[in-house]
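Understanding the architecture of this molecule
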Amino acid sequence: MTVRARFAPSPTGQVHIGNIRVAIYNWLFARHHGGQFLLRVEDTDRERSTAAAVSTLFQALDWLGLQPDEEPVYQSQRADRHREAAEQLMRSGHAYRARKGEDAGEVVLLRMPGEDMVFRDLVRGELRKAAADLPDFVLVRSNGTPVFHLANVVDDIDQGITHVIRGDDHVENTFRHLALYRALGAPAPAFAHLPMIVNAQGKPYSKRDGDAFVGDFRDKDILPEAIFNYLVLLGWAPGDDRELFTREELVPLFTLDRVHASAAQMDLRKLMSINQHHLARVPDAEFSATCAERLRAAGVPIDAAPADLRTAVFALMRPRLKACLEIVEQAAYFFDDAYPVDEKIRRKRLEAPEAPRLLAFLRGKLAEADFSAPVLTEALHQWPAEAGVAPGDLLATLRAAVTGRPGGPDLGEVLALLGRDTVLRRLDRLRA
Ligand code: GLU
């Protein structure tokens, strides 16, 4: 049997990481088994599934390299086929028309078999629901629109889906879907329900908890390889403590029996650290081009800077950045006197009673110093004693004065790159 897995999202405008993780698991599962990964756009909600929402979905899939192996199927174009299936079910006695609930007209309902439903979920094991909790349910509304259950099952049958891998919010639906497969005389696919992604309180992870959409991460320069890697680990483990993978490395390893049944907690710090590892593999030229672009977009006059300063700053910052975008916050001061000054640092270091004396001391020393990194680094070890302050205090005051930042790369290196003129200008500006 050739595995045919699919991603069947309902486009709503933004693509939640929980959804894209479902796509990633389906993609890996299909690749692992040498099968096909398909896409079905469940766009029957005409208000939410706009052309823009569908295009956002495709962008997210493209960005992550999750292209389907066949043309996507659009559920909204298949309503006739869904109604035809309902007709077939009425002819075979599995469905009937009736008036129900608030719907003014007649709906079509599936006649449930009246027995307990059981299936073996590939992640959660045996799942069961009593017949009494499975009443007949609507397949087609009185206005002729097919409901989700009918469309979803008919489409899975027609697309030849062998494995349905989806979020565990669909477990309850699956009992109904199994009855539909049986009534339609089609073999049911295997099911694997993935645990939810939750926040620190164990509640479904949402935008309120932090970045939650694929686009948010893309905007922050998280690499698609890192999102892919991180989301795979959110609910799956390789069986050892390895955490860094390329997608090619994951294909042979990924099996559903290693998917955890319990909820997976979102951890943005871990995502950033995984991104840093993937960033280390990006070629220097690409890293530098992205950093330059981010600085430019933030209005930092990067193009006015000498090429060797740019090269040196990017090389210095490279091991410190978790994502390229961080260059703006952490290194704009190399290229621009108009850098922001951290408020806490301003108060603590630049407005301290000792500050004028320390700044004058530093001005005197730096006017005379040899501006090479090793010499400056060495001098920075001597000067605190001469100034009669703790080393940390002198260095933090100097760093605050010339960078506005609470921390950063080796201060000797920073001073050498800034150069004497810039350093003195910034000190004088503060002392004026
Ligand atoms: N459109 C449904 C969703 O996004 C489909 C679920 C499925 O069967 O995969 O939740």
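The rules we used
Residues numbered from 1 in each chain as written. Predicted model: local features only at pLDDT ≥ 70, side-chain atom pairs only at ≥ 80, totals over all residues. Heavy atoms only, no water. Helix = DSSP H or I, 4+ residues; strand = E, 2+ residues; numbered from the N terminus. Rg over C-alpha atoms; globule rule 2.2 N^0.38 Å. Buried < 20%, exposed > 50% of the residue type's maximum accessible area, 1.4 Å probe, protein only. Contact = heavy atoms within 4.5 Å. Areas by Shrake-Rupley, 256 points an atom, 1.4 Å probe, with all protein chains shown as cover. Lys, Arg positive; Asp, Glu negative; His and termini not counted. Charge placed at Lys NZ, Arg CZ, Asp CG, Glu CD. Near = heavy atom within 4 Å. Polar contact = N/O pair within 3.5 Å; in protein donor to acceptor, adjacent residues only side chain to side chain. Nonpolar A, V, L, I, M, F, W, Y, C, P; charged D, E, K, R; others polar. Expected span 1.5 Å × (residues − 1). Core = buried A, V, L, I, M, F, W, Y, C linked by side-chain atoms within 4.5 Å. Salt bridge = Lys/Arg side-chain N within 4 Å of Asp/Glu carboxyl O. Phe/Tyr/Trp six-rings, centres within 6.5 Å; stacked < 30°, edge-to-face > 60°. Lys NZ or Arg CZ within 6 Å of the ring centre and 35° of its normal. Pairing = 2+ DSSP bridges. Right-handed = clockwise from strand over helix to strand, strands pointing away.

1. Describing the overall build of the protein
Counting secondary structure elements, the protein contains 18 helices and 12 strands. A compact globule built from 432 residues should have a C-alpha radius of gyration of about 22 Å, whereas the protein, at 30 Å, is more than 25% larger. Dimensions of the protein, computed from the C-alpha atoms along their principal axes, are close to 95 × 45 × 35 Å. Across the 432 residues of the protein, 48% fall into the buried class. In the protein, 73% of the contacts between residues at least 6 apart in sequence involve partners at least 24 apart. A total of about 20,300 Å² of accessible surface is found on the protein, and carbon and sulfur atoms cover 49% of it. Averaged over its 55 positive side-chain charges, the protein has a centre that lies 2 Å from the centre of its 61 negative ones.

2. Observations concerning the environment of Ala387
With respect to the helices and strands, Ala387 occurs in helix H15 (residues 373-387). C-alpha of Ala387 to C-alpha of Leu358: the two residues are 29 residues apart in sequence and 7.3 Å apart in space. Sequence-distant contacts of Ala387, defined by excluding residues within four places in its chain, comprise Arg357, Leu358, Phe361 and Leu394.

3. As for the site of the ligand
Taken together, Arg6, Ala8, Pro9, Ser10, Glu42, Phe148, Asn152, Arg166 and His170 form the complete shell of residues around the ligand. Interatomic distance of 2.7 Å between a side-chain N/O atom of His170 and an oxygen atom of the ligand. Coverage of the ligand by the protein chains reaches 85% of its 300 Å² of free accessible surface. Looking at side-chain class alone, the shell around the ligand contains three nonpolar, three polar and three charged residues.

4. Some points on helix H3 (residues 79-91)
Helix length check: H3 (13 residues) gives 18 Å between terminal C-alpha atoms against 18 Å at 1.5 Å per residue, within 8%. Backbone geometry just downstream of H3 places Gly93 in the positive-phi region, at approximately 85°.

5. Digging into the nonpolar core
The tendency in soluble globular proteins is for nonpolar side chains to be buried as a group. Ile20, Leu66, Phe314, Phe334, Phe335, Leu366 and Leu415 are the most contacted members of the largest nonpolar core, which has 105 residues in total. Contacts of Phe314, omitting those with residues within four sequence positions, involve Phe287, Ser288, Cys291, Ala292, Leu295, Ile302, Ile327 and Phe335. Ala86, Met117, Phe137 and Leu150 belong to the second largest nonpolar core, which has 31 residues in total.

6. Considering the pattern of salt bridges
Applying the stated criterion across every chain, the model contains 37 salt bridges. A salt bridge links Arg124 to Asp168, with the shortest nitrogen-to-oxygen separation between them at 3.4 Å. Taken together, the residues span a long stretch of sequence, with Arg124 in the loop between strand S6 (117-121) and strand S7 (125-129) and Asp168 in the loop between strand S9 (163-167) and helix H5 (171-184) at a distance of 44 residues. Residue classification places Arg124 among the partly exposed residues on the basis of a relative accessible area of 35%. The partner of Arg310 in a salt bridge is Asp303, and the shortest N-O contact between them spans 3.5 Å. Given the relative accessible area of 51%, Asp303 is considered exposed. What emerges from the salt-bridge pattern is a single network uniting Arg6, Arg40, Glu42, Arg78, Arg81, Glu84, Asp155, Asp156 and Asp158.

7. Topic: the packing of aromatic side chains
For the coordinates displayed, the defined rule picks out 10 aromatic pairs. Ring plane angle 55° and centroid distance 6.4 Å describe the contact between Phe314 and Phe335, whose orientation is recorded as tilted. Here the residue Phe314 occupies a position in helix H11 (residues 307-317), and Phe335 occupies one in the loop between helix H12 (326-331) and helix H13 (343-350), the gap between them amounting to 21 residues. Accessibility assignment for this pair places Phe314 and Phe335 in one class, buried. Here the aromatic rings of Tyr333 and Tyr339 are separated by 6.5 Å at their centres, their planes lie at 75°, and the arrangement is edge-to-face. In this pair, the class of Tyr333 matches that of Tyr339, namely buried. Site record: aromatic cluster; members linked through ring pairs are Phe314, Tyr333, Phe334, Phe335 and Tyr339. Lying over the aromatic face of Phe287, Arg318 brings its terminal NZ or CZ to 4.5 Å of the ring centre.

8. Section: the pairing of strand S1 (residues 4-7)
Because side chains alternate across S1, one face comprises the buried residues Arg4 and Arg6, and the other comprises Ala5 and Phe7, equally buried. Note that S1 and strand S2 (residues 36-41) share four bridges and pair parallel. When the sheet's bridge partners are listed, Arg4 is paired in S2 with Gln36. Each parallel crossover has a hand, and for S1 linked through helix H1 (residues 17-32) to S2 it is right-handed.

9. Observations regarding the side chain of Arg318
Mapped onto the fold, Arg318 is located in the loop between H11 and H12. Only 2.8 Å separates the side chain of Arg318 from the side chain of Asp284, close enough to count as a polar contact. What Arg318 contacts, discounting residues up to four positions off in sequence, is Leu279, Ala280, Arg281, Val282, Pro283, Asp284 and Phe287.

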